[in-house]
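Residue-level structure breakdown
Below, each chain spelled out in residue letters.
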Amino acid sequence: MEHIVIIGNGISGVTAARHIRKLSDKKITIISAETEHFFSRTALMYIYMGHMQYEHTKPYEDSFWKKNRIDLKFGLVTAIDTEHKSLQFENNENLQFDKLIIATGSISNKFGWKGQDLKSVIGLYSKQDLDQLEAIAPNNEVCQRAVVVGGGLIGIELAEMLHSRKIPVTFLVREESFWDVVLPSGEAQMLDRHIKSHGIDLRLNSNLGEITSDDHGHANGVIIAETGETISCNLVGLTAGVSPNITLVKSSTIETDRGVLVNRYLETNVKDVYAIGDCAQQREPIGNRKPIEAVWYTGRMMGEALAQTICGNRMAYNPGHWFNSAKFFDIEYQTYGWVFATPKGGNAHFHWKHNDDQKCITIEYQEASNIFLGINTFGIRMRHEVFDRWLTEQRTTDYVIKNLKEANFDPEFYKTFEDAIIRAYSNQFNMA
Amino acid sequence: MSTKINSSMSLAKPDSQTLSKTQKIAVALGVVGLFIMALALFNVDFPNKIIFLSLSLGLITAGTIMFSNNAYLTKQAGIKNDGVWFKSIASRGLWGWALGIALTLFYVVLYFKAEWLGLAADGGVNGGLVAMFDPLSRLLNGGPASQWFVYGTLYTVAILVFGYKFMLKYRHNRYEQLRTISVMFFQLAFAFLIPEFMARLNSETFSLPYYDLKNIWPLNFYNFDKYRVDSMIEAGDIGLAFLIFGIVSIFVISPILTYKYGKRWYCSWVCGCGGLAETAGDPFRHLSDKSQFAWKVERWVVHSVVVFVTLMTTAVIYSYLGNDSSKYWLTKDVFLLGVAGLLTVVFAWVMIFKRKELAKDAQYGAIGYFVIIMVLIGMHYFSGTKNVFLVDTYFLKSSYGFLIGAIFSGVIGVGFYPIFGNRVWCRFGCPMAAMLGFQQRLFSKFRITTNGGQCISCGNCSTYCEMGIDVRAYAQKGENIVRSSCVGCGICAAVCPRGVLKLENDSMNGRINSNDILLGNDVDLMDLVNQK
Ligand SMILES: Cc1cc2nc3c(=O)[nH]c(=O)nc-3n(C[C@H](O)[C@H](O)[C@H](O)COP(=O)(O)OP(=O)(O)OC[C@H]3O[C@@H](n4cnc5c(N)ncnc54)[C@H](O)[C@@H]3O)c2cc1C
Ligand code: SF4
Ligand code: SF4
């Protein structure tokens, strides 16, 4: 029986395994050195905040794996021998495979800052990171201030987490506004205000200079590069993005760049070896997508596609329209299609913001044809299925605005804002 | 992780979950209010009962309001689950167990030792806690209080004050606010005030049984007892109207509403048990068991209760009907045939049109159906006038009342809030919920729609589902949630951080979908895999 071995029990590896099982009777082994069972990394924050316990973040009951004949192996893989199709583990065990799926995920970025390897300096990626955080910052007596470095999705989650335990947070963001490399300025600035309204000490245009140390090798402060100001703290969170976790792969014959290089079929240069999820890098980018997509959904979709290939139905990774979502403190965010921080050539933005400063939308469209390209929505839930359809049908923005009600996904009885949006749109474009 | 579980067992503050100064004062107020009742319980004879009762209830109310204001109004509107699993009382810690035991003891005394609460022996004068409620009882219904009046008052106060708290907690969510106003209204007006006023109308020549109009059979399993039916018939037009309303609500009103809105119209907008669960019980909703095993137990237990209550009610009515069709058209045999016929029509309809939806459960449905039919036939052949199968029907009824009405809905249902979560009764024991759920699963426009591929499997929805539904298991497959047990509380949709869930009433077509490949992936692949 063919043995499929998967390194990594995250969403991509687990999705591949589940679908291979659905399609075939192959022997499947999933390896991880992080946790015995698959858990939802995206829920890490809720464990620290006390919304859930670790147990609740596991999407499948522990009995699921045995029932579906998916073997789980706990251990760190240290080498891949592609010639003999064998993996080596830290404890010198070996494991033979017929096909190998690399789904090793990411690691937190460190950019060579002075002091980045001190104690009490953490990233937020793994379960181990969370356990460390719990030890360093159990409450605001032990941890009297924390500095979070890096204004992205994980940074703001870490700030919210610490805030939930009433630990004062200084949030260093290199850009002019929070996440404004991705978000148009109207949205980014609204989020700046929201972050501050929660009492977060948000420092824009601020780079980390260095992290200072006490006598025991613990971080005790952060120096801001621009101003030289020192902020004393008991915890430094480095959340300046992630990059593929491929140290293991680098010493093998498998080609890598920033990630493991794959073609559209998620195949590496070595036969029978594949890579999916955060650690994979497309040789040629797909549409507007980045060659490395470090999001939950793409990991899942790669797993779905690769399972077909492995089970004899060779299938390219061919994602549909882009979508994503996040939550910034109390403001939910969803996006469908492409909205860039500044409109791409030939495109323009329509922006609407509610007076309460908690809701807004931005639509990117082709100026000449009025074709709708994408929407960012804050504080209003929208229907994935409807936008997916409108994008496929290449609807005009006029049409989208007029039919926006159809896409509303807020709970029943919620106040709706479509009329206000239509009015704003008509005013801006002098429509009847 | 384990450190967290342990820390909640200690009384010392875990992490920063300490109460603010205002919250401490608020708790103190509430405790003083309860203390006054405790004193009354131990027969302290308060000089002016009205003042002390008002003081007691007033302090409890003021304490809860003060606590809620401080807990929620000092923060921005949004999801307020920070530290839920660190609080001893909300995570089966020492305080949780203490509260659970205290509530359970209260129920045991209430049901079985009401005299300890001060209830008068026949004809005597109330003492203790019950006496403290006498003035209020006189004011409302003209007579002295009973333990049930005490309980009803406390129950109503609990729904009102904790309803207020819940509304602040979800002040960003209109759905939650409206349905909370609704349960507060139905409890205050229908369950509490109207029946008391009705009792006031009773005289020697005119008497209506206690009737909470929003209670529908099988929840008020006693509704068709002989003494009730008799007294409703004797009470003339009004009584007859009540009787007819009782029947119409089962066969017409409830099916229509459930078809249009799902069982939530009752379970989380009207019902008193649901009302308490959603308000006072809200802090415990995450304690429900989500395992597959619990689901299995749930289906067996709750459906057995339905079978039991159906047979019992049939037996009770059967036992007092006559045999002579010339006196009254509804005889024992007509009635039995009617019940059997109705069940057969429902069963046949389900098996012919809805078999697919039920899948494996169809077998159990068939078993249940045959058990009932066999028993009905048995009833016909082996029954005397007062008994069915040689068992006194009122014995049947009183065992049901004891086992289900008292032990299950009270002692376990509420007493165990802090251990098993707030909807144990609704999930495992309530025959009404089971029957509405059956319809909801098969014949209703209600569902929880999943938003394409947006789910990140975080688990908030499942954790906070009080009915123990593993919502995530559906959401992460892009599948709508169409579960008979869903009471439509809307909390899963509220706590979802990615806007994945929406409670909706929409067309029955395509309500139950099942996707292996989710929206967002290759369209061809989706078509290939999802079309089975
Ligand atoms: C805090 C946080 C919040 C996030 N929130 C969102 C969100 O809201 N939405 C979203 O789209 N994305 C989010 N993401 C990103 C998303 O979680 C990742 O894209 C996704 O988990 C990647 O899945 P994966 O399967 O590729 O890898 P991973 O989940 O990283 O799994 C890889 C596994 O492989 C193991 N492994 C690696 N090397 C070895 C080895 N040599 N031997 C053994 N085991 C090994 C790792 O320990 C790990 O368990 C978030 C990420 C974080 C950290
Ligand atoms: S599924 Fe959602 S709406 Fe239904 S009972 Fe559970 S939490 Fe409430
Ligand atoms: S539906 Fe929402 S709350 Fe539930 S697992 Fe998915 S993202 Fe989390």
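How each quantity is defined
Residues numbered from 1 in each chain as written. Chains lettered and ligands numbered in written order. Predicted model: local features only at pLDDT ≥ 70, side-chain atom pairs only at ≥ 80, totals over all residues. Heavy atoms only, no water. Pairing = 2+ DSSP bridges. Helix = DSSP H or I, 4+ residues; strand = E, 2+ residues; numbered from the N terminus. Axes fitted to C-alpha atoms, helices over the stretch in contact; angles between N-to-C directions. Contact = heavy atoms within 4.5 Å. Buried area = accessible area lost by both parts, 1.4 Å probe. Salt bridge = Lys/Arg side-chain N within 4 Å of Asp/Glu carboxyl O. Polar contact = N/O pair within 3.5 Å; in protein donor to acceptor, adjacent residues only side chain to side chain. Patch = residues over 30% accessible without salt bridge, like charges linked within 9 Å, V, L, I, M, F, W, Y side chains within 5 Å. Areas by Shrake-Rupley, 256 points an atom, 1.4 Å probe, with all protein chains shown as cover. Near = heavy atom within 4 Å. Nonpolar A, V, L, I, M, F, W, Y, C, P; charged D, E, K, R; others polar. Domains from an automatic or database assignment. UniProt positions renumbered as here; feature names shortened; annotations may be inferred. Parallel < 35°, antiparallel > 145°, perpendicular 65-115°, else oblique. Buried < 20%, exposed > 50% of the residue type's maximum accessible area, 1.4 Å probe, protein only. Expected span 1.5 Å × (residues − 1). Arc of directions from axis to C-beta.

**Considering the sheet that holds strand β13 (residues 208–213) of chain A**
Residues and elements named next belong to chain A. What the three strands build is an open sheet, ordered β13-β14-β15; its pairing is antiparallel. Strands at the two margins of the open sheet, each flanked by one partner only, are β13 and β15 (230–232). Neighbour-to-neighbour, the strand axes of this sheet turn through a mean angle of 25°, independent of strand direction.

**Regarding the interface of chain B and chain A**
Each partner contributes residues to the interface: chain B has 64 residues there, and chain A has 69 residues. Taking both partners together, chain B and chain A bury about 5,400 Å²; carbon and sulfur atoms supply 46% of that area. Sorting the residues of chain B by area buried against chain A places Q76, Q454 and R498 of chain B first, and these three jointly supply 11% of that buried surface. Taking the shortest distance from any N to any O, the salt bridge between R498 of chain B and E157 of chain A comes out at 3.8 Å. Linking chain B to chain A there are 36 residue pairs in polar contact (both at pLDDT 80 or more). Of all elements in the fold, only α1 (2–7), α8 (174–201), β3 (446–450), α21 (460–464), α23 (491–495), β4 (501–505) and α24 (523–530) of chain B reach the threshold of two or more residues within the side of chain B that touches chain A. At five residues, the largest contribution of residues to the side of chain B that touches chain A is made by β4 of chain B.

**What about a nonpolar patch on the surface?**
Residues and elements named next belong to chain B. Nonpolar side chains collect at one region of the surface, where I233, L240, I244, I247, V248, F251, V252, I256, L342, V346 and F438 lie side by side and expose about 920 Å² of accessible area between them. Counting only elements with at least two residues in the nonpolar patch, the list comes to α10 (236–261) and α14 (332–353). Of the residues forming the nonpolar patch, the biggest block, seven residues, is contributed by α10.

**Quick look at the site of ligand 1**
What surrounds ligand 1 is a group of 33 residues, the closest being S12, E34, Y125 and D278 of chain A together with R498 of chain B. Ligand 1 sits at a junction of chains, with neighbouring residues supplied by chains A and B. At 2.6 Å, a side-chain N or O of S12 of chain A approaches an oxygen atom of ligand 1. At 2.7 Å from an oxygen atom of ligand 1 is found a side-chain nitrogen or oxygen belonging to D278 of chain A. Starting from 1,000 Å² of accessible surface for ligand 1 in isolation, the protein chains cover 93%. Taken together, the elements giving at least two residues each to the shell around ligand 1 come down to α1 (11–23), α5 (153–164) and α8 (296–310) of chain A. Class assignment of the residues belonging to the shell around ligand 1 gives a composition of 15 nonpolar, 13 polar and five charged. Taken domain by domain, the shell around ligand 1 gets at least three of its residues from each of domain 1 (3–107 + 243–310) and domain 2 (121–240) of chain A.

**Quick word on the site of ligand 3**
Residues and elements named next belong to chain B. Within the structure, ligand 3 sits among 13 residues, and C455, C458, G459, C461 and C496 are positioned closest to it. Put simply, the parts of the chain that give the shell around ligand 3 at least two residues each are α21 and α22 (471–475). Looking at the shell around ligand 3 residue by residue, the classes come out as nine nonpolar, three polar and one charged.

**Points about the UniProt feature "domain: FAD/NAD(P)-binding" (unreviewed entry) in chain A**
Mapped onto the present numbering, the UniProt feature "domain: FAD/NAD(P)-binding" (unreviewed entry) falls at residues 3–283 of chain A. In residues 3–283 of chain A, helix accounts for 22% and strand for 28%; the two terminal C-alpha atoms are 27 Å from one another.

**Comments concerning the packing of helix α9 (residues 226–234) of chain B against α10 of chain B**
All names here are of chain B. One can describe the packing of α9 onto α10 by two numbers: an axis separation of 6 Å at closest approach and a directional angle of 135°. Put simply, α9 runs oblique to α10. Of α10, the residues touching α9 (which contributes V229, M232, I233 and E234) are G236, G239, L240, F242 and L243. In terms of residue class, the contact of α9 with α10 is made up of six nonpolar, two polar and one charged.

**Section: the pattern of salt bridges**
This structure, assessed with the given rule, holds 47 salt bridges over all chains. Close ionic contact of E293 of chain A with R289 of chain A constitutes a salt bridge, the shortest N to O distance being 2.7 Å. With a relative accessible area of 7%, R289 of chain A lands in the buried category. Note that E466 of chain B is salt-bridged to R423 of chain B, the shortest N-O span being 3.3 Å. Highlighted residues: E466 of chain B in the loop between α21 and α22 and R423 of chain B in the loop between α18 (417–420) and α19 (424–429), separated in sequence by 43 residues. This pair shows no difference in class: E466 of chain B is buried, exactly as R423 of chain B is. Connected via shared salt-bridge partners are K169, E176, R179, E278, D282, R285, R423 and E466 of chain B.

**Thoughts on the side chain of E175 of chain A**
Residue and element names in this part refer to chain A. Structurally, the position occupied by E175 is in the loop between β11 (169–172) and α6 (185–197). Using a relative accessible area of 15% as the deciding quantity, one classes E175 as buried. In this structure the side chain of E175 is engaged in a polar contact, spanning 3.2 Å, whose partner is the side chain of R174. Ignoring any residue separated from it by four or fewer positions in sequence, one finds E175 in contact with D180, V181, L204 and N205.

**Re unusual backbone geometry**
Cis geometry marks the peptide bond from W217 of chain B to P218 of chain B; its omega dihedral reads 10°. Mapped onto the elements of the fold, P218 of chain B is located in the loop between α8 and α9. Positive phi, close to 50°, is recorded for Q394 of chain A, a residue that is not glycine. Here Q394 of chain A lies in the loop between α9 (384–392) and α10 (397–402).

**A closer look at the sheet that holds strand β16 (residues 235–238) of chain A**
Residue and element names in this part refer to chain A. Spatially, β9-β16-β10-β11-β12 is the arrangement adopted by the five strands of the open sheet, whose pairing is parallel. Only two strands of the sheet have a single neighbouring strand rather than two, namely β9 (121–122) and β12 (201–203). The pairing of β11 with β12 spans three bridges and is parallel. From the neighbouring strand, T170 faces β12, where its bridge partner is D201.

**Concerning α14 of chain B**
Residue and element names in this part refer to chain B. Compared with an ideal rise of 1.5 Å per residue, which puts 22 residues at 32 Å, α14 spans 32 Å between its outermost C-alpha atoms and is within 8% of the ideal. Looking only at α14, the buried set comprises K332, F335, L336, V339, A340, F347, V350 and M351. Seen end-on, α14 carries its buried residues on one side only, within an arc spanning 125°. More than 90 degrees from the buried face of α14, the exposed residues found are L337, V345, I352 and F353.

**Digging into the domain arrangement of chain A**
Residues and elements named next belong to chain A. In terms of domains, chain A is made up of domain 1 (3–107 + 243–310), domain 2 (121–240) and domain 3 (323–429). Each of domain 1 and domain 2 has a C-alpha centre, and the two are 30 Å apart. Taken residue by residue, the interface counts 14 residues in domain 1 and 15 residues in domain 2. For the domain 1 and domain 2 pair, buried surface summed over both sides reaches about 1,400 Å², with 66% attributable to carbon and sulfur atoms. On the domain 1 side of the contact with domain 2, L44, M45 and Y48 bury the most area, a combined 52% of that side's loss. Between domain 1 and domain 2 we count zero salt bridges in total. Linking domain 1 with domain 2 are seven residue pairs in polar contact (both at pLDDT 80 or more). Among the elements that make up the side of domain 1 that touches domain 2, the one with the highest residue count is helix α2 (residues 44–48) (four residues). Looking at side-chain class alone, the side of domain 1 that touches domain 2 contains eight nonpolar, three polar and three charged residues.

**Things to note about the domain arrangement of chain B**
Residues and elements named next belong to chain B. Each assigned domain of chain B is listed here: domain 1 (17–283), domain 2 (292–431) and domain 3 (445–530). Each of domain 1 and domain 2 has a C-alpha centre, and these two points are 27 Å apart. Listed as interface residues are 32 residues of domain 1 and, on the opposing side, 30 residues of domain 2. Taken together, both faces of the contact between domain 1 and domain 2 bury some 2,500 Å²; the carbon and sulfur share is 71%. Counting every contact that joins domain 1 to domain 2 gives one salt bridge. In this structure, E278 engages R423 in a salt bridge whose closest nitrogen and oxygen atoms are separated by 2.8 Å. Looking at the side of domain 1 that touches domain 2, the elements that each hand over two or more residues are α4 (94–112), α9 and α12 (272–279).

**Thoughts on the environment of M467 of chain B**
All names here are of chain B. Relative to the helices and strands, M467 is located in the loop between α21 and α22. Residues M467 and M374, spaced 93 residues apart in sequence, show a C-alpha to C-alpha distance of 32 Å. If we ignore the near neighbours within four places in the chain, the residues touching M467 are E298, R423, C426, R427, S485 and V487.

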